[in-house]
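# Fold and contact review
Chain residues, written in single-letter form:
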Amino acid sequence: DGAYAQRYELCGVITTLLALVTLITFGTFGVTLVQFAYGAAYAIPAALVALLGLHGAFRIFRSWPQIGFLAAGNTKNLLAANIMSASGLGFMLMALKLEYGIVAAALCLVLGECAAVAISFLLQRGVSPLSNAVSVKFLAIVGAVALAVALARLPDFFPPGIAGHF
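Here the structure is a predicted model, which means the values were calculated and not measured. (Residues numbered from 1 in each chain as written. Predicted model: local features only at pLDDT ≥ 70, side-chain atom pairs only at ≥ 80, totals over all residues. Heavy atoms only, no water.)

## What to know about the nonpolar core
Heads up, the condition is: In plain words, nonpolar cores are sets of buried Ala, Val, Leu, Ile, Met, Phe, Trp, Tyr and Cys residues tied together by side-chain atoms within 4.5 Å. Think of it in three bands: with a 1.4 Å probe and only protein chains considered, a residue is buried below 20% of the maximum accessible area for its type, exposed above 50%, and partly exposed in between. A run of H or I in DSSP becomes a helix once it reaches four residues, and a run of E becomes a strand once it reaches two; helices and strands are each numbered from the N terminus.
Within the largest apolar cluster, 25 residues are counted, with the highest numbers of intra-cluster contacts made by Ile44, Leu51, Leu54, Phe58, Phe61, Trp64 and Val142. When contributions to this core are tallied by element, the ones reaching two or more residues are helix H1 (2-38), helix H2 (46-71), helix H4 (102-123) and helix H5 (132-152). The leading source of residues in this core is H2, at 10 residues. Grouped together as the second largest cluster of nonpolar side chains are 5 residues, Met92, Ala105, Cys108 and Leu109 included.

As structure tokens, then:
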């Protein structure tokens, strides 16, 4: 159905824009927003805020294929994506138990959500009216911005003096 395909593509555009706004906002102004909300004395690693923004952006972006799964009545694919997302929780708990710190724990959540996004887009083939090229285009946009934010925040991921450990 052509009207459904247009609405589904519009859904993709909207979720991509929301994901980008979330990612850019938390990746660039996250610490400032947290300090504005909780006070200047509230200390939070910039890398943590950027990772939480990235996690939120991937979660928003994943809602696009999940809406398609719901529209098609395909809850099996929803479950598969949610299991991949939940895998990040297990790795997060291990990171905390092994005392790698809160930033490493947040990175585990991001990796789990990233896997959920990947499996969602892989499973949408045959369910979605869109070609894979459109999905890849939107995924590439979010991925490129995520990479740019991560590279901009790269120094924040490594504590001072870490070079002495290598």
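## Focus on a nonpolar patch on the surface
Cut-off, in case you're wondering: Here, patches come from residues exposed beyond 30% relative accessible area and free of salt bridges, joined within 9 Å for like charges and within 5 Å for nonpolar side chains (Val, Leu, Ile, Met, Phe, Trp, Tyr). For the accessible areas, the method is Shrake-Rupley and the probe is 1.4 Å, while residue cover comes only from the protein chains on display. A carboxyl oxygen of Asp or Glu within 4 Å of a side-chain nitrogen of Lys or Arg is what we treat as a salt bridge.
Together, Leu10, Val13, Ile14, Leu17 and Leu18 make up a nonpolar patch on the protein surface, roughly 430 Å² of accessible area in all. As for its placement among the helices and strands, Leu18 is situated in helix H1.

## Examining the packing of H2 against helix H3 (residues 75-97)
Note the cut-off: Where helices are involved, their axes are fitted lines through C-alpha atoms of the stretch in contact, as for all axes, and angles between N-to-C directions lie from 0 to 180°. Angle categories: roughly parallel below 35 degrees, roughly antiparallel above 145, roughly perpendicular from 65 to 115, and oblique for all the rest. Contacts: residue pairs with any heavy atoms within 4.5 Å of one another. Any residue outside Ala, Val, Leu, Ile, Met, Phe, Trp, Tyr, Cys, Pro, Asp, Glu, Lys and Arg is labelled polar, Gly included; the first ten of those are nonpolar and the last four are charged.
At their nearest, the axes of H2 and H3 sit 9 Å apart, and the two run at 160° to each other. Between H2 and H3, the angle is such that the two are roughly antiparallel. Packed against H2, whose contacting residues are Arg59, Arg62, Gln66, Phe69 and Leu70, the element H3 presents Asn77, Leu78, Ala81, Asn82 and Ser85 at the interface. Grouping the amino acids of the contact of H2 with H3 by side-chain chemistry returns 4 nonpolar, 4 polar and 2 charged.

## Looking at the packing of aromatic side chains
Any pair of aromatic rings gets described here by the distance separating the centres and the angle formed by the planes. Basically, it comes down to this: Stacked, edge-to-face and tilted labels apply to pairs of Phe, Tyr and Trp rings (six-membered ring for Trp) whose centres lie within 6.5 Å, assigned for plane angles under 30 degrees, over 60, and everything in between, in that order.
Applying the stated criterion to the full structure yields 6 aromatic pairs. Pairing Tyr38 with Tyr42 gives two aromatic rings, centres 5.4 Å apart and planes at 35°, and the pair type is tilted. Given a relative accessible area of 40%, Tyr42 falls into the partly exposed group. Relative to Phe121, the ring of Trp64 has its centre 5.5 Å away and its plane inclined at 70°; by these criteria the two rings are edge-to-face. Here Phe121 lies in helix H4 and Trp64 lies in helix H2, a separation of 57 residues in the sequence. We note that Trp64, like Phe121, is buried.

## Here we look at the packing of H1 against H2
The interhelical angle for the contact between H1 and H2, taken along N-to-C directions, is 170°, at an axis separation of 7 Å. The angle between H1 and H2 places the two elements in the roughly antiparallel class.

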